[in-house]
Amino acid sequence: MGSTVDDHDENFWLFGYGSLIWKPPPHFDKRIPGWVDGYVRRFWQASEDHRGTPEAPGRVVTLIERSHWDTLGDHHHDAPKSVWGVAYHIKPAKVAEVKKDLDIREINGYSIHFAPFQPADGSAEIKTLVYIGTPDNEQFVGVQDPQELAAHIHKSEGPSGLNKEYLLNLDKALCELDAVADSHIHDLADRVRALDGPSHADPRSPAFHRNTSTREAEEFEKTA
């Protein structure tokens with residue numbers, strides 16, 4: 001689990017690699033794109049509280065240590081060397097509040113870990129807190145057939161909305177970061193878009209980017 005968190009830490013950084021990329025925490029004053037090494041991102045965590053229900057869990061992402069992932073026989077997709085995402089610096093006076101909110105948001109199988117984060121601009125490495133659903137948690141589902149997983153995501157829904165929205169928003173957010181391609185995420189998104197029909201745009205296409213509003217960027221600023 002690593003070291004504990006000081007509720008008044010003046011240098012509290014949080015790494016987001018899933019919904020935190022496009023649905024940021026409150027009270028941040030810096031948002032930096034970049035990556036962590038040594039992990040693989042996969043849609044292998046069941047979600048009973050946000051993108052599914054206890055009776056019909058959805059699927060969300062977690063991180064698996066690369067050394068463990070190598071033993072799992074996941075031959076469906078390659079895994080990039082680095083997991084791209086964003087690091088958020090939380091205002092010191094709000095660390096305890098944000099930490100409490102995140103513990104609730106990430107309660108379904110996730111635990112606290114720490115990982116060195118490399119900013120994309122080449123600045124100094126940052127120690128970040130990260131929530132991970134490790135392979136020994138009850139919600140970890142392991143290796144999934146891509147088409148079956150895409151179909152499961154396509155049909156699932158929970159209190160936070162449609163499971164496919166989580167996937168498609170993540171795919172879009174990674175494209176907007178100009179991140180190194182994550183074939184697992186993008187392949188699943190393509191499969192879900194195919195299930196939705198040909199009218200659903202790929203975020204890599206010029207047409208998608210022409211129609212993308214700046215509203216999301218403005219919302220990031222408003223939360224600071």
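Thresholds, definitions, all that
- Residues numbered from 1 in each chain as written.
- Predicted model: local features only at pLDDT ≥ 70, side-chain atom pairs only at ≥ 80, totals over all residues.
- Heavy atoms only, no water.
- Core = buried A, V, L, I, M, F, W, Y, C linked by side-chain atoms within 4.5 Å.
- Buried < 20%, exposed > 50% of the residue type's maximum accessible area, 1.4 Å probe, protein only.
- Helix = DSSP H or I, 4+ residues; strand = E, 2+ residues; numbered from the N terminus.
- Axes fitted to C-alpha atoms, helices over the stretch in contact; angles between N-to-C directions.
- Parallel < 35°, antiparallel > 145°, perpendicular 65-115°, else oblique.
- Left-handed = near helix turned anticlockwise from the far one by under 90°.
- Contact = heavy atoms within 4.5 Å.
- Phe/Tyr/Trp six-rings, centres within 6.5 Å; stacked < 30°, edge-to-face > 60°.
- Lys NZ or Arg CZ within 6 Å of the ring centre and 35° of its normal.
- pLDDT = per-residue confidence, 0-100.
- Pairing = 2+ DSSP bridges.
- Salt bridge = Lys/Arg side-chain N within 4 Å of Asp/Glu carboxyl O.

Observations regarding the nonpolar core
- Among the nonpolar cores identified, the biggest contains 48 residues, and Phe15, Tyr17, Ile21, Phe43, Leu63, Leu167 and Leu170 are the most heavily contacted of them.
- The element contributing the most residues to this core is strand E5 (residues 82–90), with 6 residues.
- Counting 6 residues, the second-largest nonpolar core is a separate cluster that includes Val40, Ile64, Ala79 and Phe140.

A few points about the packing of helix H5 (residues 163–176) against helix H6 (residues 183–196)
- Where H5 contacts H6, the two axes come as close as 9 Å, and the packing angle between them is 130°. It follows from the interaxial angle that H5 and H6 lie oblique. Relative to H6, H5 is oriented so that their crossing is left-handed. Of the residues in H6, those in contact with Lys164, Leu167, Leu168, Leu170, Asp171 and Leu174 of H5 are Ile185, His186, Leu188, Ala189, Val192, Arg193 and Asp196.

Section: unusual backbone geometry
- In the Ramachandran plot, His27 falls in the positive-phi region, its phi being about 65° despite a non-glycine side chain.
- Along the chain, the position of His27 falls in the loop between helix H1 (19–22) and strand E2 (28–37).

Concerning the packing of aromatic side chains
- Inspection of the entire model under this criterion finds 7 aromatic pairs.
- With a centroid separation of 5.6 Å and 50° between ring planes, the pair formed by Phe15 and Phe117 is classed as tilted. Placement of Phe15 in strand E1 (residues 13–16) and of Phe117 in strand E6 (residues 111–119) is noted, with a sequence separation of 102 residues between them.
- Judged by relative accessible area, Phe15 falls into the buried class, the value being 1%.
- Ring plane angle 40° and centroid distance 5.2 Å describe the contact between Trp35 and Trp84, whose orientation is recorded as tilted. Taken together, the residues span a long stretch of sequence, with Trp35 in strand E2 and Trp84 in strand E5 at a distance of 49 residues.
- Overall, Trp35 belongs to the partly exposed group, its relative accessible area being 22%.
- Looking at Trp84, the relative accessible area reads 10%, which means it is buried.
- Sitting above the plane of the Phe114 ring, Lys127 keeps its charged end 4.8 Å from the centroid.

Here's the deal with the confidence of the model for the chain
- In this model, the chain carries a mean pLDDT of 87, and residues with pLDDT of at least 70 account for 84%.
- Within the chain, the element-level pLDDT minimum falls on helix H8 (residues 215–223), averaging 37, and the maximum on helix H4 (residues 146–155), averaging 98.
- Low pLDDT, under 50, characterises residues 206–224; the stretch is placed with 21 contacts to residues that sit more than four places away or in other chains.

Topic: the pairing of strand E7 (residues 126–132)
- Burial of E7 is extensive: 6 of the 7 residues sit out of reach of the surface.
- Two strands pair when backbone bridges link them, and E6 and E7 are joined in this way by 7 bridges, in the antiparallel orientation. Across the sheet, the residue bridging to Ala115 is Thr128, located in E7.
- Taking the residues that link successive antiparallel strands as the turn, the E6-E7 hairpin has 6 residues, and the phi of Gly122 there is positive, at about 85°.

Things to note about the pattern of salt bridges
- For the coordinates displayed, the defined rule picks out 10 salt bridges.
- Between Arg41 and Asp182 there is a salt bridge, and its shortest N-O distance comes to 3.0 Å. With Arg41 in strand E3 (residues 39–47) and Asp182 in the loop between H5 and H6, this pair connects stretches of sequence that are 141 residues apart. Here the two residues Arg41 and Asp182 agree in accessibility, since each one is buried.
- Through salt bridges with shared partners, a single ionic network connects Asp171, Asp190 and Arg193.

With respect to the environment of Asp78
- Among the secondary structure elements, Asp78 is positioned in the loop between helix H2 (66–69) and E5.
- Taking the C-alpha atoms as reference, Asp78 lies 7.3 Å from His184; in sequence the two are 106 residues apart.

Side note on the pairing of strand E4 (residues 58–65)
- Summarising burial for E4: 7 of the 8 residues are buried, a large majority.
- For E3 and E4, the ladder comprises 7 bridges, and the chain directions are antiparallel. From the neighbouring strand, Tyr39 faces E4, where its bridge partner is Glu65.

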